[in-house]
Amino acid sequence: MIETGNQLKGYIQRETNNLNINSNYGYNYYFTRAFLENLYHNIKMKLVLKGSYAQFVRLEKINRPLTDIDIITFDRIENAKQEIDNIINNSTNIKFKIINQFTTTNATLNYKILCDFDGKTGRISLDLKREESLDYSQAKMPILFSKDQPFNTQSISIEEHLASKLYVILLHLKLHTVLAREFRRLKDFFDIHTILGSSNIDEYKVISILKRKIKQDEFLRDYELDGPLFKKDFIEENKSNWENDKKKYQFLNDTTIDEAVDVTNEFINKRR
């Protein structure tokens, strides 16, 4: 059991060295996991994990360090906010304190939370959003660090997560081609490559969810899934950006942009 800040420091250094990730990511993971464990042990309503933590839950491993918490509610945002605020305000072992809170342009409530354990501090970020429907189920939070204890969560399915990744890159591709915006979602190709190589996927379900997301999006609803969507010039344009993201997000394997984009093209093309 970790009782002091110095013990926590030593623990984080050992665990991050074993995983070959930066210690800052280790503190982020430790505090985020503690927050989620507290949340799911005390929550009185349904809150569903999305994003990197949903991927971790479903694959039971990481291929790049975990970062922010993404949570979905089917209730009113105000009700979910009250539940989350109660967890923060009643924290004991680790002290959680809201240092900033704002609503983004896509109606997402963002929390910046200061965490303090015996003088060792860190900041975590949480995004809370309301959605109408998701494919989700109960699942255990797996073990990453040696002292982790599994606990039950509600998490979107790996098919829902993969469809969300595909939807995001298709949206950003259209923004790139129509409005000449810089493509900023290269890490999603890495995640798609990871998911397709790590899990048994119901491909029909993925494409069904993806088509529903596209149909509901005014900007994308007339989009044709004709492949290859991401062409060779796209790959060449983004090779240096890929290498930058590889360092920034600490990809834990040597996947190339060619491999990641080819896998994405192949999946969309064979299921279109």
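Throughout what follows, the structure given in this document is the object of discussion. (Residues numbered from 1 in each chain as written. Predicted model: local features only at pLDDT ≥ 70, side-chain atom pairs only at ≥ 80, totals over all residues. Heavy atoms only, no water.)

1. Description of the overall build of the protein chain
Stated formally: What counts as a helix is a DSSP run of H or I of at least four residues, what counts as a strand is a run of E of at least two, and both are numbered from the N terminus. Our radius of gyration is a C-alpha quantity, and the globule rule it is checked against amounts to 2.2 Å times the number of residues to the power 0.38. When a residue's accessible area, from a 1.4 Å probe over protein chains only, is under 20% of the maximum for its type it is buried; when over 50% it is exposed; and in between it is partly exposed. Here, residues are in contact when the closest pair of their heavy atoms is within 4.5 Å. Calculation of accessible area relied on Shrake-Rupley with a 1.4 Å probe; when residues are assessed, cover is drawn exclusively from the protein chains displayed. Charge convention: Lys and Arg are scored as positive, Asp and Glu as negative, and His as well as the terminal groups of each chain are ignored. Lys charges are placed at NZ, Arg charges at CZ, Asp charges at CG and Glu charges at CD.
Scanning the protein chain from N- to C-terminus turns up ten helices and seven strands. Over its C-alpha atoms the protein chain spans a radius of gyration of 19 Å, differing by no more than 12% from the 19 Å that the globule rule assigns to 272 residues. With the principal axes as the frame, the protein chain shows a C-alpha extent of 55 × 40 × 35 Å. For the protein chain, with 272 residues in total, the buried portion stands at 50%. Long-range pairs, those at least 24 residues apart, make up 67% of the contacts in the protein chain between residues at least 6 apart in sequence. For the protein chain, the computed accessible surface area is about 13,800 Å², with 43% contributed by carbon and sulfur atoms. Of the side chains in the protein chain, 41 bear a positive and 39 a negative charge, and the two mean positions are spaced by 3 Å.

2. Focus: the nonpolar core
Spelled out, the test is: Residue types Ala, Val, Leu, Ile, Met, Phe, Trp, Tyr and Cys, when buried and joined through side-chain atoms within 4.5 Å, form a set referred to as a nonpolar core.
Formed by 42 residues in total, the largest nonpolar core has its most connected members in L8, F31, F35, L36, L49, I71 and I84. At eight residues, the largest contribution of residues to this core is made by helix α2 (residues 23-42). L8 has contacts with I2, Y27, Y30, F31, F117 and K120, leaving out every residue within four places of it along the chain. Of all hydrophobic cores here, the second largest spans 36 residues; its members include L59, A163, I257 and I268.

3. Concerning the packing of helix α5 (residues 158-179) against helix α6 (residues 186-198)
The condition that has to hold: Lines are fitted to the C-alpha atoms to define the axes, a helix being fitted only along its stretch in contact, and any angle between axes, read from their N-to-C directions, falls within 0 to 180 degrees. In what follows, roughly perpendicular refers to angles from 65 to 115 degrees, roughly parallel to angles under 35, roughly antiparallel to angles over 145, and oblique to any angle outside these ranges. Note: crossing handedness is left-handed where the near helix turns anticlockwise from the far helix by less than a right angle, and right-handed where it turns clockwise.
Two elements in contact, α5 and α6, have axes separated by 10 Å at closest approach and are oriented at 150°. Between α5 and α6, the crossing angle belongs to the class labelled roughly antiparallel. Note that α5 runs across α6; the crossing there is left-handed. Taking contact as the criterion, the partners of I158, H161, L162, K165, L166, V168 and I169 in α5 are, on α6, D188, F189, D191, I192, I195 and L196.

4. Overview of the environment of P142
If you trace the backbone, P142 turns up in the loop between β6 (136-141) and β7 (151-156). Judged by relative accessible area, which is 10%, P142 ranks as buried. Excluding its chain neighbours within four sequence positions, the residues that come into contact with P142 are Y29, R33, F56, V57 and E60.

5. Quick look at the environment of M141
Along the chain, M141 falls in strand β6. In this structure M141 comes out as buried when scored by relative accessible area, which is 0%. Residues M141 and V178 lie 37 residues apart in sequence; the distance between their C-alpha atoms is 40 Å. For M141, the residues in contact, after removing those within four places along its chain, are R33, L36, L49, Y53, F56, V57, P150, F151 and T153.

6. As for the packing of α2 against helix α4 (residues 77-89)
At their nearest, the axes of α2 and α4 sit 10 Å apart, and the two run at 120° to each other. The orientation of α2 relative to α4 falls into the category oblique. Read as a crossing pair, α2 and α4 show a hand that is right-handed. Two secondary-structure elements touch here, α2 through F35, N38, L39 and N42 and α4 through I84, I87 and I88.

7. Considering helix α3 (residues 51-59)
A large share of α3 lies buried, amounting to eight of its nine residues. Among the residues making up α3, those that are buried are G51, S52, Y53, A54, Q55, F56, V57 and L59. Two residues or fewer past α3, E60 is found with a positive phi of approximately 60°.

8. With respect to the packing of aromatic side chains
Inclusion rule: Stacked, tilted and edge-to-face are the three classes applied to pairs of Phe, Tyr and Trp rings, where Trp contributes its six-membered ring and a pair requires centres within 6.5 Å; stacked means planes under 30 degrees apart, edge-to-face means over 60, and tilted covers the rest. A ring is scored as having a charge over it whenever the NZ atom of a lysine or the CZ atom of an arginine sits within 6 Å of its centre and within 35 degrees of its normal.
Applying the stated criterion across every chain yields a total of 16 aromatic pairs. With a centroid separation of 6.4 Å and 25° between ring planes, the pair formed by Y27 and F31 is classed as stacked. Residue Y27 and its partner F31 are located together in helix α2, separated by four residues, close to a single helical turn. Here the two residues Y27 and F31 agree in accessibility, since each one is buried. Note on F189 and F234: the rings are 5.9 Å apart at their centroids and 55° apart in plane angle, and the pair reads as tilted. Highlighted residues: F189 in helix α6 and F234 in helix α8 (residues 232-237), separated in sequence by 45 residues. Here F189 matches F234 in class, with each residue buried. Here R64 stacks its cationic end above the ring of Y249, 5.8 Å away from the centre of that ring.

None of this, on its own, says anything about what the molecule does.
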